[in-house]
Amino acid sequence: MATERKKTLTKEIVSQASIDAFKKLNPAVMVKNPVMFIVEVGTVITLLLSIWPDLFIVSDVGRGYNIAVFFILLFTLLFANFAEALAEGRGKAQADTLRKTKSETMAKLVQKDGSFKQVPSTQLKKGDIVRVDAGEMIPTDGEIIEGLASIDESAITGESAPVIKEAGGDFSSVTGGTRVASDYIVVKVMTDPGESFLDRMISLVEGAKRQKTPNEIALTTLLAVLTLIFMIVIITMVPMAQYLNVQLDLATLIALLVCLIPTTIGGLLSAIGIAGMDRVTQFNVLAMSGKAVEAAGDIDTLILDKTGTITYGNRMASEFLPVKGVSSKEMTFAALKASVKDETPEGRSVVELAGKLGDSWAEDEYREADVVEFTAETRMSGLNLPGGIQIRKGAVDAIKKHIASKGGSIPSDLEEIANRIAKAGGTPLAVAVDERIYGVIYLKDTVKPGLKERFAELRAMGIKTIMCTGDNPLTAATIALEAGVDDFIAEAKPEDKIASIKKEQQEGKLVAMTGDGTNDAPALAQADVGLAMNSGTMAAKEAANMIDLDSDPTKLLSVVSIGKQLLITRGALTTFSIANDIAKYFAIIPAMFILAMPQLEALNIMNLASPKSAILSALIFNAVIIPLLIPIAMKGVKYRAMSADRLLARNVLIYGIGGVIVPFIGIKLIDLVLYGLHIV
Ligand SMILES: Nc1ncnc2c1ncn2[C@@H]1O[C@H](COP(=O)(O)OP(=O)(O)OP(=O)(O)O)[C@@H](O)[C@H]1O
Ligand SMILES: [K+]
Ligand SMILES: [Mg+2]
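Quick caveat, the model's predicted, so the values are computed rather than measured.

Draft legend 1. Summary view of the overall build of the protein chain. A tally of regular secondary structure across the protein chain gives 23 helices and 21 strands. Here the C-alpha radius of gyration of the protein chain, 33 Å, is well above what a compact globule of 680 residues would show, namely 26 Å. The C-alpha extent of the protein chain, read off along each of the three principal axes, is 110 × 55 × 35 Å. With 680 residues in all, the protein chain has 54% of them scored as buried. Accessible area for the protein chain stands at about 29,500 Å²; split by element, carbon and sulfur atoms hold 61% of it. Between the centroid of the 69 positive side chains of the protein chain and the centroid of its 77 negative side chains there is a distance of 3 Å.

Quick look at the structure:
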């Protein structure tokens, strides 16, 4: 499981990011980031001043100073753009690989008369029927309507072991770009050109449609307001300086402004978000939005579907258990009759087991029968024969109700047999012909390994796990115990799954849901974080805002950590950035005004070489801190499982106090170097 894709930063990614850093200087792109846009405006003005030093007002600072400020500002912009481009780089590289998978294939379109016509895969529309044989690539997304095959999904999941897919049930969806390894399948196309899973995956990993999350928008607004406030502060300094007879030329004012506005977080903000999304992808989880990843960081409750999520979901008939007074043979035949037209994997497994026990059926006998298909609502399936005979199998309580409504009696040992199966974690299905119950089918399923430990970790993070299943309470209790969830809800219909999510949400909790079935789709859509298993149905995958390519429900643990890490990283670097700006203020102002106001000497703890040196040193520090923080922005601040309050206190301490101290040291060092080299 959990195959972590190891794709580190390659030389190509770094060199591409260097080129992109220049491309991103385009003001139309830049304007989306107000803080850095102000820096860009300042850069342009200092460029003009480098050419015509007296363009706006007569100044005696000299061309060299203007040129120095211009270059430092330009590098500030390039460093910020580089951070963003680097964060985007891995996704872009991955998108290129996926695009190769998408290369044009020919598909065998099934015609009305049953013959095939070769058409390019890009021309397939919703509703088309195609046949795919062993060795061929599945041309686009769809659902298997005939056949059973092993599918190599490595192109998408990176997992080399093939998976079995078959018509009917929760394992019938196939993805374009994967390959049929053995046998053949007939597939009904479910997406129009350009809307396939692979298309969505490509635009996701390359961040083409990346939207700012509400948190990011709020922070961007805050940063813009801070920028405005600092602009006012700088403008009011002009009359003050005039009064004190201190010369404040334009380049100095721009440099001061850039030092004071939150350029560090302004420059790294989008890189932090993109890197967070990318880290989720490295865990083989596709997140449809950054908002979902952030929500994962704050999840209180996790609701899980049982079959196909906690268990593997290949519920197979393993035994037929007749009630008293019914022979084994009669029971087997009743189970077979109830399942001959049931196309779900459960139904087919009953037919298979009956076959092994020597029973078979004649197609003709059931030609006229009405099929009663299984639904999660009725929790029954079966046949209505022409003579009026009703054959049913289904959840024991559902069959009991059905029999009671027909005036039949319940065999005395039914409960005991069903409970025995349920206590072993199996699913009992009662079988009835008209008003008589014949016995119970024992459906076996296997719990996925390693869940208990992972659920315990979620518990340590303060996340409650609830299993929600359509199965009976006894089976649910057994599986819940085996899997180690905190709580369970049994005999749940699709609307009960939604209701349980809404209930938690109304208590102000953020809810995650993992599921795989079509009946989970509404709940996946309702949850704040909906994680669909890749093994599941198309409907589930479409409703969810995340898909786990490894179909491992505990993957949510990793997503939660990444979400928390993303929120913490953003908070930590914002704290650091603002603390930095305040420190810079105290470094520069005394140095600038010391000659005019010797009383400031007490504040001049840095003792910088000259006002110019103070400004240039602060500006250089302001620029280089961005690339120095890129690793933290990309990797994220390490998340430790501790209470939110303690975590906050810890980060304010490290990044707040660090943010004040680091610039003092950094600026002093740069000042010493500039002075030592006789630059200022
Ligand atoms: N083919 C079938 N025919 C008749 N009854 C079935 C069939 N498959 C399942 N059932 C019964 O219906 C119940 C609900 O099945 P379903 O697969 O919808 O569960 P669910 O709501 O998805 O929950 P989970 O997947 O967690 O078990 C099962 O527990 C079983 O008793
Ligand atoms: K700054
Ligand atoms: Mg299910």
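Draft legend 2. Structural view of the sheet that holds strand 9 (residues 285–287). Spatially, 7 strands are ordered 9-21-20-19-10-17-18 in an open sheet, and the strand pairing comes out mixed. At either end of the open sheet lies a strand with only one pairing partner, and these are strand 9 and strand 18 (487–489). When the angles between neighbouring strand axes are averaged without regard to direction, this sheet yields 20°. Bridge analysis of strand 10 (residues 301–305) against strand 19 (residues 511–515) gives 4 bridges, and the strand direction is parallel. Across the sheet, residue threonine 301 finds its bridge partner in strand 19, namely valine 511.

Draft legend 3. View of the coordination of the potassium ion (ligand 2). Protein ligation of the potassium ion (ligand 2) involves Val258 (O), Cys259 (O), Ile261 (O), Thr263 (OG1), Asp581 (OD) and Asn622 (OD1), the donor distances falling in the range 2.3 to 3.0 Å. Between the 6 donor atoms coordinating the potassium ion (ligand 2), the angles at the centre fall across 65 to 163°, so the site counts as irregular. Along the chain, the residues donating to the potassium ion (ligand 2) are arranged with the sequence spacing V-C-x1-I-x1-T-x317-D-x40-N. Taken together, the positions of threonine 263 in helix 9 (residues 263–282) and asparagine 622 in helix 22 (residues 611–635) put the pair 359 residues apart, joining distant regions of the chain.

Draft legend 4. The packing of helix 16 (residues 451–460) against helix 21 (residues 555–593), seen in detail. Running from N to C, helix 16 and helix 21 cross one another at 30°; their axes reach a closest spacing of 9 Å. Taken together, the axes of helix 16 and helix 21 lie roughly parallel to each other. In the packing of helix 16 onto helix 21, the handedness of the crossing is left-handed. Here Arg454, Glu457 and Leu458 of helix 16 lie close against helix 21, whose contacting residues are Lys555, Leu557 and Ser558.

Draft legend 5. Looking closely at the packing of aromatic side chains. Enumeration according to the criterion identifies 2 aromatic pairs in this entry. Taking 5.0 Å as the distance between ring centres and 65° as the angle between the ring planes, the aromatic pair formed by phenylalanine 70 and phenylalanine 71 counts as edge-to-face. Take phenylalanine 71: its relative accessible area is 41%, and that puts it in the partly exposed class. Ring centres of phenylalanine 75 and phenylalanine 79 lie 5.8 Å apart, and the angle between their planes is 45°; on these two criteria the pair is classed as tilted. Taken together, the positions of phenylalanine 75 and phenylalanine 79, both in helix 4 (residues 63–101) and 4 residues apart, correspond to about one turn of that helix. For phenylalanine 79, a relative accessible area of 22% gives the class partly exposed. Over the aromatic face of tyrosine 438 sits the side chain of arginine 436, whose NZ or CZ is 4.9 Å from the ring centroid.

Draft legend 6. Quick look at a nonpolar patch on the surface. Residues Leu653, Ile654, Ile657, Val660, Ile661, Ile665, Leu669 and Leu672 make up a contiguous nonpolar surface patch of roughly 710 Å² in combined accessible area. Within the fold, isoleucine 657 resides in helix 23 (residues 644–676).

Draft legend 7. Structural context of the site of ligand 1. Around ligand 1 sit 24 residues in total, of which Asp305, Lys306, Thr307, Asp342 and Ser381 are the nearest. At a separation of 2.9 Å, an oxygen atom of ligand 1 approaches a polar backbone atom of glycine 470. In the environment of ligand 1, an oxygen atom lies 3.1 Å from a nitrogen or oxygen atom belonging to the side chain of asparagine 519. Contact with the protein chains removes 97% of the 620 Å² of surface that ligand 1 exposes when unbound. Among the elements of the structure, helix 11 (306–310), strand 13 (380–384), strand 14 (390–395) and strand 15 (427–433) are those that each provide at least two residues to the shell around ligand 1.

Each value, and the rule that gives it
Residues numbered from 1 in each chain as written. Chains lettered and ligands numbered in written order. Predicted model: local features only at pLDDT ≥ 70, side-chain atom pairs only at ≥ 80, totals over all residues. Heavy atoms only, no water. Helix = DSSP H or I, 4+ residues; strand = E, 2+ residues; numbered from the N terminus. Rg over C-alpha atoms; globule rule 2.2 N^0.38 Å. Buried < 20%, exposed > 50% of the residue type's maximum accessible area, 1.4 Å probe, protein only. Areas by Shrake-Rupley, 256 points an atom, 1.4 Å probe, with all protein chains shown as cover. Lys, Arg positive; Asp, Glu negative; His and termini not counted. Charge placed at Lys NZ, Arg CZ, Asp CG, Glu CD. Pairing = 2+ DSSP bridges. Axes fitted to C-alpha atoms, helices over the stretch in contact; angles between N-to-C directions. Donors = N, O, S within 2.8 Å, 3.2 Å for Na, K, Ca; no water. Tetrahedral: all angles 85-135°; square planar, octahedral: opposite > 155°, others 65-115°. Parallel < 35°, antiparallel > 145°, perpendicular 65-115°, else oblique. Left-handed = near helix turned anticlockwise from the far one by under 90°. Contact = heavy atoms within 4.5 Å. Phe/Tyr/Trp six-rings, centres within 6.5 Å; stacked < 30°, edge-to-face > 60°. Lys NZ or Arg CZ within 6 Å of the ring centre and 35° of its normal. Patch = residues over 30% accessible without salt bridge, like charges linked within 9 Å, V, L, I, M, F, W, Y side chains within 5 Å. Salt bridge = Lys/Arg side-chain N within 4 Å of Asp/Glu carboxyl O. Near = heavy atom within 4 Å. Polar contact = N/O pair within 3.5 Å; in protein donor to acceptor, adjacent residues only side chain to side chain.

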